[in-house]
Every structure is written in structure tokens, then in C-alpha cells.
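Understanding the architecture of this molecule
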Amino acid sequence: VLRCLGIPTRVITNFNSAHDKNLNLSIDKYIDVSGNNLHLSEDSVWNFHVWNESWFIRRDLGSFYDGWQVLDATPQEKSKGIYQCGPASTRAIKEGDVNLDYDSPFVFAAVNADCVTWIRYSKKRKERIYSDTRKIGKFISTKAVGSNSRVDVTANYKYPEVKEISFKISYSQYKNSLMDDRKILVTAV
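Note that the coordinates shown come from a computational prediction; the quantities given were computed from them, not determined experimentally.

Relative to the assigned elements, I7 resides in the segment before β1 (9-19). In sequence terms I7 and W55 are 48 residues apart; their C-alpha atoms lie 6.5 Å from each other. Discounting chain neighbours no more than four positions away, the residues touching I7 are L2, S54, W55 and F56.

Below, the structure written as C-alpha cells:
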């Protein structure tokens, strides 16, 4: 419909798409001390989810958020009392501006939530034991214009994942670095 009105629109596919039911920006899994799943969270990860993007000028949010906007024709959650999603600025999603209207936190979680595993010891005590920051939002794609090839638009939604660099230092180097920190603290007091 938007294309018929002259608004540039394209279909987007997000692989490993998070469904953050409680909007805490993480997909939580709870286990007991024996490792059994407790089914306390309604969060889930879908193999993929599809939505549309349309190109808008955002006078309501400011020109910083002009450009591609997420519109989901198959929303799974109510927003402001009705089933709707968007238009959420892809720029807001990439920058982590989850305080904006139009379901920005939900879309942010769909492409960038952390998958967190918790051990629940009791109703009052739980402990985070694992967090995967790379699982969600893989190969966010659209179809190329004029061909059937895939165009990767992941960079429109999120910054590249930081690669961990491991290094080793000797115990004496570590110990000396602690001494240097202590000297700085004493000097600062």
C-alpha cells in the first residue's frame, strides 16, 4: 500500500529475532539448581521475523531520525492498547534510543537483545550465570533492487559486535599494576 502512495518501502528479514515480552531488552531463561528449565519467562527467540521498512521524514522526532522506519504488519504485542508496531526509526534502533515512541524498545530487542540465563535459588534470589550478546539479530536482510540477491542491512540496525581479545600477563605485572593504582588513589586523597 505504501509503495502505491509513492513511499519507498522494502521487506526486511531478521534472523534470530528476539520476542521480548516484558520489554526489559533481554531474553531471559530461568533454570533451577539442577539445570531444569523453569518456564518463568514468556520471552522467545524466533528463527526469523519479517517486517517492512518505509522511508519517512520524522518531523515528530527530529531530522536525526529521518530515513528508514520499521513498520510491522504482523505485530505480536499490543502497543498503546492495540496491535501495532512502528514506525520505529532504524537510526533510533541503532543508537539505542529506546525511550522514543513507536515501539523502539521492542524493535531494539528484536535485533539486539542479550540472551541471559539465570539460576533461581528461591523466589527472592536469582543469579545470572550466562549472557550471550551476539545471538540475536543475525543477517538482517532485504532483497536487492533488480535481482534476487540478498542485501545485508544489519549495519543499519546495530553496530558491529566487539571482538574479545584475550591476553596474558604475569602475576608480577598484575600485582605491580595494583600497586600503581593504589599510589594513584593515595595521591588523589
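In terms of nonpolar packing, the biggest core is built from 13 residues, with W51, I93 and Y157 touching the most fellow members. Sort the elements by how many residues they give to this core and helix α2 (residues 104-112) lands first, with four residues. Once residues within four sequence positions are removed from consideration, Y157 is found in contact with I12, W51, E53, V70, T90, I93, K94, V111 and I140. Ranked by size, the runner-up nonpolar core spans six residues in total, among them A18, I27, A109 and C115.

Right, let's talk about the confidence of the model for the protein for a bit. Residue-level pLDDT values for the protein average 86, and 86% of them are 70 or greater. Per-element confidence in the protein ranges from a low mean pLDDT of 54 for helix α4 (residues 171-188) to a high of 97 for strand β11 (residues 150-152). A low-confidence stretch, residues 181-189 stays under pLDDT 50, and its non-local contacts, those more than four residues away or across chains, total zero contacts.

With that settled, consider the pattern of salt bridges. What the rule picks out here adds up to five salt bridges. Between K21 and E42 there is a salt bridge, and its shortest N-O distance comes to 3.6 Å. Note that K21 is positioned in the loop between β1 and β2 (26-31) and E42 in the loop between β2 and β3 (44-56), a separation of 21 residues in sequence. A salt bridge links D152 to R150; the nearest nitrogen and oxygen atoms lie 3.7 Å apart.

The volume enclosed by the largest pocket comes to roughly 260 Å³. Among the secondary structure elements, those contributing two or more residues to the lining of the largest pocket are β2, β8 (114-120) and β9 (126-132). Among the elements that take part in the lining of the largest pocket, β2 stands out by supplying four residues, more than any other. Within the lining of the largest pocket, the residues separate by chemical class into seven nonpolar, four polar and five charged.

Right, let's get into empty space enclosed by the protein. Evaluated as defined, the whole model comprises one cavity of 30 Å³ or more. What lines the largest cavity is a set of 15 residues, and nearest its centre among them are H49, W51, D72, F106 and A110. Contributions of two or more residues to the lining of the largest cavity are made by β1, β3 and α2. Taken together, the residues of the lining of the largest cavity sort by class into nine nonpolar, five polar and one charged.

What counts and how
Residues numbered from 1 in each chain as written. Predicted model: local features only at pLDDT ≥ 70, side-chain atom pairs only at ≥ 80, totals over all residues. Heavy atoms only, no water. Helix = DSSP H or I, 4+ residues; strand = E, 2+ residues; numbered from the N terminus. Contact = heavy atoms within 4.5 Å. Core = buried A, V, L, I, M, F, W, Y, C linked by side-chain atoms within 4.5 Å. Buried < 20%, exposed > 50% of the residue type's maximum accessible area, 1.4 Å probe, protein only. pLDDT = per-residue confidence, 0-100. Salt bridge = Lys/Arg side-chain N within 4 Å of Asp/Glu carboxyl O. 1 Å grid on protein atoms, 1.4 Å probe; cavity = no way out; pocket = protein on both sides within 12 Å on 5 of 7 lines; lining within 4 Å. Points joined across faces, edges and corners; volume = space filled by probe spheres on them. Nonpolar A, V, L, I, M, F, W, Y, C, P; charged D, E, K, R; others polar.

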